[in-house]
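Letter by letter, the chains look like this.
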Amino acid sequence: MLPGQAGADASNMVFKLRHMEVFRAVMLTGSISAAAKMLYVSQPAVSKLIGYIEGRLAYRLFERINNRLVPTAEAQILFREVERVYQAALQVNETALSLASGTHRKLRISCSASLSTVVIPIALAQLKREAPALHIEWQTSLMGEMPNQILSKKVDLSIAALPVVHDHLHSQAFMRGRMVAVMPASHELAQQPSLALQQLEGQALLLFRPDMPFGKLLADEIAQRGLQLDSLLSFTNANEAVALVKQGMGITLIDEFVAQDSGLAVVPLAEEIHFDISFVYSRFEPPSQAALHLMQVLYAQAQKLGRGIEGFELPMA
């Protein structure tokens, strides 16, 4: 069928989309009758519309020579432009169909580095199994970078190792983790069932920089107990600490998720220093269906590990 009016803006067009479709059909087939068959309309309807188009444009598109339609030079130039429009329309049609099938969906996420070795990879692998057509872009970020990434729409969802406080963001805790001590398996404390912070006084320690979120969390706990734990070297993320411990530099205190994938001895802390992993997203628009799907997968993972935060509810789409 011939397309109808394309909207209010199209009403001012001299050469409308429905004119382009008929013109293109005649150019491709070389005759009025063949164009009519191609468009499933009557031959007089095509002939009448071509005449109308020529009248509106004030120049001829076809010469009638020996019962044949021969395109004019103007028609050849116009056809090149119409073909560009037609190919663009095909792309729009493909996009419309892909949206229905889910093949055009994209999810852009960022996460704290401490979640990048175990928590997020497991969830993303499951998400791809459940939504294979979903295109995912993933990066690690500092928590201080997340607000700008979300509000500038560079990412759709962030997963932060600690809550992110910002007036224009939701920060929704869904999973609880804990800090642990990590050391070489040969270390004298490696076989302890748990370690109190006081037992670490005098030990060679590697600690987070105190201006980092995990560093502040640990510094507050240490200060509350009146302890003096000196760090040989400060680092910004737990993977750096693991590399240093593997070089025999001492003991480190990091999150349990990086620790479990480190290949080193992991000893729980007696103090049970917890942190809440949070979903971070904009207050100005609800999470996409793809983001909600990932949130659902991650919360189910947290519950399976016995670390889900009671009362957590997925936001409304």
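Look up a bit, the structure's there.
The rules behind the values
Residues numbered from 1 in each chain as written. Predicted model: local features only at pLDDT ≥ 70, side-chain atom pairs only at ≥ 80, totals over all residues. Heavy atoms only, no water. Helix = DSSP H or I, 4+ residues; strand = E, 2+ residues; numbered from the N terminus. Buried < 20%, exposed > 50% of the residue type's maximum accessible area, 1.4 Å probe, protein only. Core = buried A, V, L, I, M, F, W, Y, C linked by side-chain atoms within 4.5 Å. Salt bridge = Lys/Arg side-chain N within 4 Å of Asp/Glu carboxyl O. Polar contact = N/O pair within 3.5 Å; in protein donor to acceptor, adjacent residues only side chain to side chain. Contact = heavy atoms within 4.5 Å. Axes fitted to C-alpha atoms, helices over the stretch in contact; angles between N-to-C directions. Parallel < 35°, antiparallel > 145°, perpendicular 65-115°, else oblique. Left-handed = near helix turned anticlockwise from the far one by under 90°. Nonpolar A, V, L, I, M, F, W, Y, C, P; charged D, E, K, R; others polar. Patch = residues over 30% accessible without salt bridge, like charges linked within 9 Å, V, L, I, M, F, W, Y side chains within 5 Å. Areas by Shrake-Rupley, 256 points an atom, 1.4 Å probe, with all protein chains shown as cover.

> Just checking my understanding: could you explain unusual backbone geometry for this structure?
Most peptide bonds adopt trans geometry, and most residues besides glycine take a negative phi value. Unlike most non-glycine residues, N66 shows phi in positive territory, near 50°. Mapped onto the secondary structure, N66 falls in the loop between strand 1 (62-65) and strand 2 (68-71). Looking at N66, the relative accessible area reads 69%, which means it is exposed. The backbone phi angle of E272 is positive, close to 50°, even though this residue is not glycine. You can see E272 is positioned in the loop between strand 10 (265-268) and strand 11 (274-282).

> What should I look at first to understand the nonpolar core in this one?
For soluble globular proteins, nonpolar side chains are generally found buried alongside one another. Counting residues in each nonpolar core, the largest one holds 76 residues, and the members touching the most others are I159, F174, I254 and L294. Ranked by size, the runner-up nonpolar core spans 23 residues in total, among them I32, L39, L57 and A75.

> Could you clarify how one ought to interpret the pattern of salt bridges in this entry?
Opposite charge on two side chains permits them to pair, given that their charged atoms come into close proximity. Following the criterion strictly, the structure yields 15 salt bridges and no others. A salt bridge links D220 to K216, with the shortest nitrogen-to-oxygen separation between them at 3.2 Å. With D220 and K216 both in helix 7 (residues 213-224) and four residues apart, this pair spans about one turn of that helix. Ionic pairing is found between R307 and E256, a salt bridge with its closest N-O pair at 2.2 Å. On the criterion of sequence distance, the pair formed by R307 in the segment after helix 10 (289-304) and E256 in helix 9 (residues 256-260) is long-range, its members being 51 residues apart. What makes R307 partly exposed here is its relative accessible area of 22%. Since its relative accessible area comes to 11%, E256 is described here as buried. A single network of salt bridges, built from pairs that share partners, joins R178, E256, E272 and R307.

> Looking at this structure, how should I read the side chain of S278?
For S278, the position within the fold is in strand 11. Exposure remark for S278: the relative accessible area of 1% places this residue in the buried category. Within the structure, the side chain of S278 is placed 3.5 Å from the backbone oxygen of D276, a separation counted as a polar contact. When residues no more than four places from it in sequence are discounted, the contact partners of S278 are S158, I159, A160, L162, P163, S171, Q172, A173 and F174.

> I tried to follow the packing of helix 2 (residues 32-39) against helix 3 (residues 43-57) on my own but got confused; where do I start?
When two helices pack together, you describe them by how their axes are tilted relative to each other and by the distance separating the axes. Contact geometry of helix 2 with helix 3 gives a least axis separation of 8 Å together with a crossing angle of 110°. Classified by the angle between their axes, helix 2 and helix 3 sit roughly perpendicular to one another. The way helix 2 lies across helix 3 gives a crossing that is right-handed. Residues I32, S33, A35 and A36 of helix 2 form the contact with helix 3, whose own contacting residues are Q43, V46, S47 and I50. In the contact of helix 2 with helix 3, the residues fall into five nonpolar, three polar and no charged.

> So what exactly am I meant to see when it comes to a nonpolar patch on the surface here?
Residues L232, L233 and M249 make up a contiguous nonpolar surface patch of roughly 240 Å² in combined accessible area. Tracing the backbone through its elements, the reader meets M249 in the loop between helix 8 (238-246) and strand 9 (251-255). Residue classification places M249 among the partly exposed positions, given a relative accessible area of 30%.

> Just to check I follow, could you spell out the packing of helix 1 (residues 17-29) against helix 3 for this structure?
Running from N to C, helix 1 and helix 3 point in directions that differ by 115°, and their axes come no closer than 10 Å. Classified by the interaxial angle, the pair formed by helix 1 and helix 3 is roughly perpendicular. Helix-helix and strand crossings are classified by hand; for helix 1 and helix 3 the assignment is left-handed. For the pair helix 1 and helix 3, contact is made by R18, H19, V22, F23 and V26 and by V46, L49, I50, Y52 and I53, respectively. Classifying every residue of the contact of helix 1 with helix 3 gives eight nonpolar, one polar and one charged.

> Hey, could you run me through the environment of L200 in this one?
In this fold, L200 is placed in the loop between strand 6 (169-183) and strand 7 (205-208). Looking at L200, the relative accessible area reads 0%, which means it is buried. Setting aside residues up to four positions removed in sequence, L200 forms contacts with L189, L195, L205, L229, I251 and L253.

Taken by themselves, the reported measurements are silent on function.
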